[in-house]
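Structural description and commentary
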Amino acid sequence: MKIKISQRKSIDAGRRGGSPCSSDDISVMEKEQRGRPVQLKEENQPQNGRNFQPETKPYPISKQLLVDAYKRVKANKGSAGVDHQSLKDFEVNLQDNLYKLWNRLSSGSYHPQAVLRVEIPKSDGGKRCLGIPTVTDRIAQMVVKLQIEPELEAHFHSDSFGYRPNKSAHDALRLAKQRCRKRAWVLDMDIKAFFDTIDHDLLMRCVKRHVKESWQRLYIERWLKVPLENASGKIEQRDRGTPQGGVISPLLANLFLHYVFDTWVENKLQSGIQFERYADDIICHCTSESQATWLKQQIEARLIACGLALHPKKTKIAYCKSQYSKANYDTISFDFLGFTFRPHWTKTKTGNYGLYFYPEISRHSAKRIRDEINSWPWKYWCQKELTEIRKYSRNKLSGWINYYGLFGTGAIRSTLFHLDRRLSRWAKMKYKTLNTIRQAANRVNRARKNNPHWFVHWRHV
């Protein structure tokens, strides 16, 4: 049902005893004043024999743009920010909330709230800091993103794939596989704490080059400077970085690296370097080890000059060993976007074996999948039937197979065999007639043979 933001401040309904409007009622509900229904006024419509003059605001932001931004934010879901207001809470008084946000944005009085700091543990023992804006701030960021993204997209490099419409990680992986066959050396790079160390002044110089509307630049600068607030309420001021978790942060990060890396490699170095970049995860293809070493030195100096640094443990030079590149070197593999590129002995269509350099699911990604399977509520399922497990796991299994099965499903099938082992342990706990794990495993194997449609990864066996 169409969402409509009224011309009046809809908080009047609440003051006069009116009930808040739900998202389904927005286009048909009318405000009541002193017991009489009052029709919502439309712009440029005659009122009492005179033309109604719409509100004039210093910044021309359409209400429909705000509605579109809200729908995008709702589709992306997400948790509450520092105000503890979830999307569900925001929708309780949706029309009023959208009107107040539109009024603030278009008048220039909009100021974002602090960003909620959330720390997520990483596999290497460290922590990744996420910044979660409030629902209102996410909608405001989406308003600006929807307007400036088409302009920026026209300038972005074709080998940049992260967080861009009509581009995906699979596109980057396919191109990387193709180029690894033609060039034997790869410089694999990762920028250390990239989102947390972006220089605000340099980023705003990039923004001012492409973003023409003054109100858009104003709000982008305010979002960059907004402080972080942790769960205990402690405020942390920021002078660099953009919160990883904000709606507009990936777009700003791409714009920053477009000038810091993409155009610099192509225009300044002029060395014919090929690369694939997904946000701050980058691989460059070189023709020799000396060229890769030289390129690493040049990029390190460039990033330091721009306030960034390469991650020392995640940056390396690797040799793409295959039947086309047969030399021997110590480092013959690298990780990119959850895949490990390394040489494999593969049987060809002619029946012969050849050494090919191609990607498959990385050990880190496989471990993460097994850990997630282990975290599922297996004890709770002992009181349930197998259909409960099938329903819970269907989308997750499909997502893993669709992503990691890009170059063949053998490796991801082997990883998902861990689910069959957990099913065997579940069956032994549930059915008292099964005395050993072998008996339980035999029961799972029979189910897989007779009902391959029950689980997605069974269909590929």
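Scroll up for the structure.
No experiment lies behind these values; they were computed from the predicted model shown.

This brings us to the overall build of the protein. Per the secondary structure count, the protein includes 15 helices and 15 strands. Expressed as a percentage of its 461 residues, the buried residues of the protein come to 46%. Pairs at least 24 apart in sequence give 67% of the contacts found in the protein among residues at least 6 apart.

So, about the sheet that holds strand E8 (residues 228-229). Pairing between the strands of a sheet is mediated by backbone hydrogen bonds and can be parallel or antiparallel. In space, the 4 strands of this open sheet follow the order E6-E5-E8-E9, with mixed pairing throughout. Strand pairing shows two members of the sheet lacking a second neighbour, strand E6 (127-132) and strand E9 (235-236), which therefore form its edges. Inspection of the sheet shows strand E5 (residues 115-121) paired to E8 by 2 bridges, in the parallel sense. Bridge pairing in E8 links Leu116 to Glu229.

Okay, the nonpolar core next. Inside soluble globular proteins, nonpolar side chains tend to come together where they are buried. One finds Leu66, Leu98, Ile139, Phe194, Ile220, Cys284 and Ile299 to be the most contacted residues of the largest nonpolar core, which totals 73 residues. Tallying contributions element by element places helix H9 (residues 249-269) first for this core, with 12 residues. When sequence neighbours within four positions are dropped, the list of residues in contact with Ile299 reads Leu187, Met189, Phe261, Trp264 and Cys284. Counting 44 residues, the second largest nonpolar core, distinct from the first, contains Ile283, Trp378, Leu397 and Trp426.

Moving on, we come to unusual backbone geometry. Of note in the backbone geometry, Lys77 takes a positive phi value of approximately 60° without being a glycine. Note that Lys77 resides in the loop between helix H2 (63-76) and helix H3 (87-92). Here the phi dihedral of Leu337 falls at roughly 55°; this positive angle occurs in a residue that is not glycine. Its place among the elements puts Leu337 in the loop between strand E13 (334-336) and strand E14 (339-347).

The contact between helix H13 (residues 386-404) and helix H14 (residues 410-430) brings their axes to 11 Å, and the two run at 170°. The pairing of H13 with H14 is recorded here as roughly antiparallel in orientation. Read as a crossing pair, H13 and H14 show a hand that is right-handed. Residues Leu386, Ile389, Leu397, Trp400, Ile401 and Tyr404 of H13 touch H14, and the partners they reach there are Ile412, Leu416, Leu419, Leu423 and Trp426. Taken together, the residues of the contact of H13 with H14 break down into 11 nonpolar, no polar and no charged.

So, about the packing of helix H7 (residues 200-210) against helix H8 (residues 214-225). Two elements in contact, H7 and H8, have axes separated by 11 Å at closest approach and are oriented at 160°. As far as their axial angle goes, H8 and H7 are roughly antiparallel. Considering how the two elements wind past one another, H7 and H8 form a crossing that is right-handed. Across from His200, Leu203, Met204, Val207 and Lys208 in H7, the residues of H8 making contact are Arg217, Ile220, Glu221, Leu224 and Lys225. For the contact of H7 with H8, the residue count by class is 5 nonpolar, 1 polar and 4 charged.

For the rest of this paragraph, the subject is H8. An α-helical turn contains 3.6 residues, so any two residues separated by three or four positions project in the same direction. Taking 1.5 Å of rise per residue, 12 residues should cover 16 Å, and H8 covers 17 Å from first to last C-alpha, within 8% of that figure. Along H8, the residues classified as buried are Trp215, Gln216, Tyr219, Ile220, Arg222, Trp223 and Leu224. Packed against the buried residues of H8 are helix H4 (94-107), helix H5 (135-153), H7 and H9.

Read from one edge to the other, the open sheet built from 3 strands follows the order E13-E14-E15, with strand pairing classed as antiparallel. Because the sheet does not close on itself, it has two edges, and the strands there are E13 and strand E15 (353-361). Between one strand axis and the next, the sheet turns by 50° as a mean value, whatever way the strands run.

The final tally for this structure, using the stated rule, is 15 salt bridges. Taking the shortest distance from any N to any O, the salt bridge between Arg117 and Glu119 comes out at 3.2 Å. Close ionic contact of Asp420 with Arg448 constitutes a salt bridge, the shortest N to O distance being 3.0 Å. Placement of Asp420 in helix H14 and of Arg448 in helix H15 (residues 437-450) is noted, with a sequence separation of 28 residues between them. Under the relative-accessibility criterion, Asp420 is labelled buried at 4%. Residues participating in the shared-partner salt-bridge network are Arg117, Glu119 and Glu236.

One simple way to see leftover space: roll a probe sized like a water molecule over the atoms. Taken as a whole, this structure holds 1 cavity of 30 Å³ or more when the rule is applied. Its boundaries defined by the atoms lining it, the largest cavity holds a volume of some 60 Å³. Taken together, Val115, Pro133, Gln141, Trp223, Val226, Thr242, Pro243, Gly246, Ile248, Ser249 and Leu252 make up the lining of the largest cavity. Class assignment of the residues belonging to the lining of the largest cavity gives a composition of 7 nonpolar, 4 polar and no charged.

In this model, the largest pocket occupies a volume close to 1800 Å³. If you go around the largest pocket, you meet 49 residues; those closest to its centre are Lys122, Arg128, Asp190, Lys314 and His364. Secondary structure elements with two or more residues in the lining of the largest pocket: E5, E6, strand E7 (185-190), H9, E13 and helix H11 (363-374). For the lining of the largest pocket, the per-class residue count stands at 19 nonpolar, 13 polar and 17 charged. In this model, the second largest pocket occupies a volume close to 420 Å³. Around the second largest pocket sit 20 residues that line it, and Asn76, Met142, Lys145, Gly246 and Val247 are the ones nearest its centre. Of all elements in the fold, only H2, H5 and H9 reach the threshold of two or more residues within the lining of the second largest pocket. At 5 residues, the largest contribution of residues to the lining of the second largest pocket is made by H5.

Conventions and cut-offs
- Residues numbered from 1 in each chain as written.
- Predicted model: local features only at pLDDT ≥ 70, side-chain atom pairs only at ≥ 80, totals over all residues.
- Heavy atoms only, no water.
- Helix = DSSP H or I, 4+ residues; strand = E, 2+ residues; numbered from the N terminus.
- Buried < 20%, exposed > 50% of the residue type's maximum accessible area, 1.4 Å probe, protein only.
- Contact = heavy atoms within 4.5 Å.
- Pairing = 2+ DSSP bridges.
- Core = buried A, V, L, I, M, F, W, Y, C linked by side-chain atoms within 4.5 Å.
- Axes fitted to C-alpha atoms, helices over the stretch in contact; angles between N-to-C directions.
- Parallel < 35°, antiparallel > 145°, perpendicular 65-115°, else oblique.
- Left-handed = near helix turned anticlockwise from the far one by under 90°.
- Nonpolar A, V, L, I, M, F, W, Y, C, P; charged D, E, K, R; others polar.
- Expected span 1.5 Å × (residues − 1).
- Salt bridge = Lys/Arg side-chain N within 4 Å of Asp/Glu carboxyl O.
- 1 Å grid on protein atoms, 1.4 Å probe; cavity = no way out; pocket = protein on both sides within 12 Å on 5 of 7 lines; lining within 4 Å.
- Points joined across faces, edges and corners; volume = space filled by probe spheres on them.

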